[in-house]
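# Remarks on the overall topology
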Amino acid sequence: MEVTFVIIDDNKEIEEHPLLFTLEDKFKNVKFYSNPQEGLDYIKNNLDINLIVLLDIEFSKDDKLDGHDLLKEIHNSSTLIPVILWSGINQTNEEFSDFINNRAFGFLSKDCSLEEAMQIVDKAFNNLKNSLDNTIEDWIISNESDKDKPIYFTSSGESYTLNEILKEIRLQTPIGKEFSSKLNSLTIDLLLRKKENL
């Protein structure tokens, strides 16, 4: 599975952090943004690919957005993106509850060890890898001939191929959310009827 890491941090020296070199070695695709708005724009324009975000919390006073605002914006754009908060400051309980409410995947201190950082990064990667959209993508890769077959039909008569459904899920459109919900319900129903061999 290909994934792009998006690092949003206004401290350009962080580009020399050992974690970034490790991410580049292991995953290849790493984008660094010192301007929070540019980082957010990249994320919003690339919702159809696998993204993991490492997000600083505090930015300069010149920036209109801080980590809280960015996390909320990312979560509103897609709930599929793991966002790891990566900061050198300690947060109050109130600030942490805000991060939890906006579904931060985890928190890394900038002075944590590389091993500690990679444990959270690998957990985020595995979470993404096992998501519904990546399961569909794996199926498409293994069964190329299936990607253009219509598999989902709406009550209004529209049809969607497997490839189109993958895009709808990643973009978190109403159709993508509806399909995910119905597929999960169907899977549970089949399992409860002892049809384990899906």
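What counts as what
- Residues numbered from 1 in each chain as written.
- Predicted model: local features only at pLDDT ≥ 70, side-chain atom pairs only at ≥ 80, totals over all residues.
- Heavy atoms only, no water.
- Helix = DSSP H or I, 4+ residues; strand = E, 2+ residues; numbered from the N terminus.
- Buried < 20%, exposed > 50% of the residue type's maximum accessible area, 1.4 Å probe, protein only.
- Contact = heavy atoms within 4.5 Å.
- Areas by Shrake-Rupley, 256 points an atom, 1.4 Å probe, with all protein chains shown as cover.
- Pairing = 2+ DSSP bridges.
- Axes fitted to C-alpha atoms, helices over the stretch in contact; angles between N-to-C directions.
- UniProt positions renumbered as here; feature names shortened; annotations may be inferred.
- Salt bridge = Lys/Arg side-chain N within 4 Å of Asp/Glu carboxyl O.
- Core = buried A, V, L, I, M, F, W, Y, C linked by side-chain atoms within 4.5 Å.
- Arc of directions from axis to C-beta.
- Polar contact = N/O pair within 3.5 Å; in protein donor to acceptor, adjacent residues only side chain to side chain.
- Phe/Tyr/Trp six-rings, centres within 6.5 Å; stacked < 30°, edge-to-face > 60°.
- Lys NZ or Arg CZ within 6 Å of the ring centre and 35° of its normal.

### Remarks on the overall build of the protein chain
- If you tally the helices and strands in the protein chain, you get eight helices and seven strands.
- A total of 198 residues make up the protein chain; the buried ones form 42% of that total.
- Of the contacts formed within the protein chain by residues at least 6 apart in sequence, a portion of 63% connects residues at least 24 apart.
- In the structure as shown, the protein chain presents an accessible area of about 11600 Å², 47% of it carried by carbon and sulfur atoms.

### Quick word on the sheet that holds strand β1 (residues 4–8)
- If you trace the five strands from one edge of the open sheet to the other, you get β2-β1-β3-β4-β5, paired in parallel fashion. Where the open sheet ends on each side, the last strands, each with one partner, are β2 (29–33) and β5 (106–109). The sheet shows a mean angle of 20 degrees between the axes of neighbouring strands, taken without regard to direction.
- In this structure, β1 lies alongside strand β3 (residues 51–55), joined through five bridges in parallel fashion.

### As for the UniProt feature "modified residue: 4-aspartylphosphate" (unreviewed entry) in the protein chain
- The sites that carry the UniProt feature "modified residue: 4-aspartylphosphate" (unreviewed entry) are, in the present numbering, Asp56.
- If you trace the backbone, Asp56 turns up in the loop between β3 and α3 (67–77).
- Apart from residues lying up to four places away in sequence, Asp56 is in contact with Ile8, Asp9, Asp10, Gly67, Trp86, Ser87 and Lys110.

### Description of the pattern of salt bridges
- All told, the structure shown has ten salt bridges when counted by the stated rule.
- The salt bridge partner of Lys110 is Asp9, with a shortest N-O separation of 2.5 Å. Here the residue Lys110 occupies a position in the loop between β5 and α5 (114–129), and Asp9 occupies one in the loop between β1 and α1 (18–27), the gap between them amounting to 101 residues.
- With its nearest N and O atoms 3.2 Å apart, the salt bridge here joins Glu137 to Arg170. Separated by 33 residues along the polypeptide, Glu137 in helix α6 (residues 132–142) and Arg170 in helix α7 (residues 162–170) bring together distant segments of the chain.
- The class for Glu137 is partly exposed, based on a relative accessible area of 21%.
- Its relative accessible area of 5% is what places Arg170 among the buried residues.

### A closer look at the nonpolar core
- Counting 22 residues, the largest nonpolar core has Phe5, Ile7, Leu23, Ile52 and Leu54 as the members making the most contacts within it.
- Elements that contribute at least two residues to this core include exactly β1, α1, β2, β3, β4 (83–87) and α5.
- At six residues, the largest contribution of residues to this core is made by α5.
- Apart from residues lying up to four places away in sequence, Leu54 is in contact with Phe5, Val6, Ile7, Ile8, Leu19, Leu23, Ile84 and Trp86.
- With 19 residues, the next largest nonpolar core counts Tyr42, Leu51, Leu55 and Val83 among its residues.

### As for helix α2 (residues 36–45)
- Among all positions of α2, only Pro36, Gly39, Leu40, Tyr42 and Ile43 are buried. One side of α2 holds all its buried residues, which, seen down the axis, span an arc of 155 degrees.
- Buried residues in α2 make contact with β1, β2, β3 and α3.
- The N-cap residue of α2 is Asn35: its side-chain oxygen and the backbone nitrogen of Gln37 are 2.8 Å apart.

### Notes on α7
- For α7, the complete set of buried residues consists of Leu162, Ile165, Leu166, Glu168, Ile169 and Arg170.
- Residues of α7 that are buried sit in contact with α6, β6 (150–153), β7 (159–161) and α8 (174–192).
- Gln172, located one to two residues past α7, shows a positive phi value of around 55 degrees.

### Some details on the packing of aromatic side chains
- Counted under the stated rule, the structure contains four aromatic pairs.
- With a centroid separation of 4.9 Å and 45 degrees between ring planes, the pair formed by Phe5 and Phe27 is classed as tilted. Of this pair, Phe5 sits in strand β1 while Phe27 sits in helix α1; the two residues are 22 residues apart in sequence, bridging distant segments of the chain. Across the pair, Phe27 and Phe5 agree in class, each one buried.
- Consider the rings of Tyr152 and Phe179, whose centres lie 5.1 Å apart with planes at 85 degrees: the pair is edge-to-face. Pair noted here: Tyr152 is in strand β6 and Phe179 is in helix α8, with a separation of 27 residues, a long-range link.
- On the basis of relative accessible area, Phe179 is assigned to the buried category, the value being 9%.
- Here the aromatic cluster, defined as three or more aromatic residues joined through ring pairs, consists of Phe5, Phe27 and Phe125.
- Over the ring of Trp86 we find Lys110; its NZ or CZ atom is 5.8 Å from the centre of that ring.

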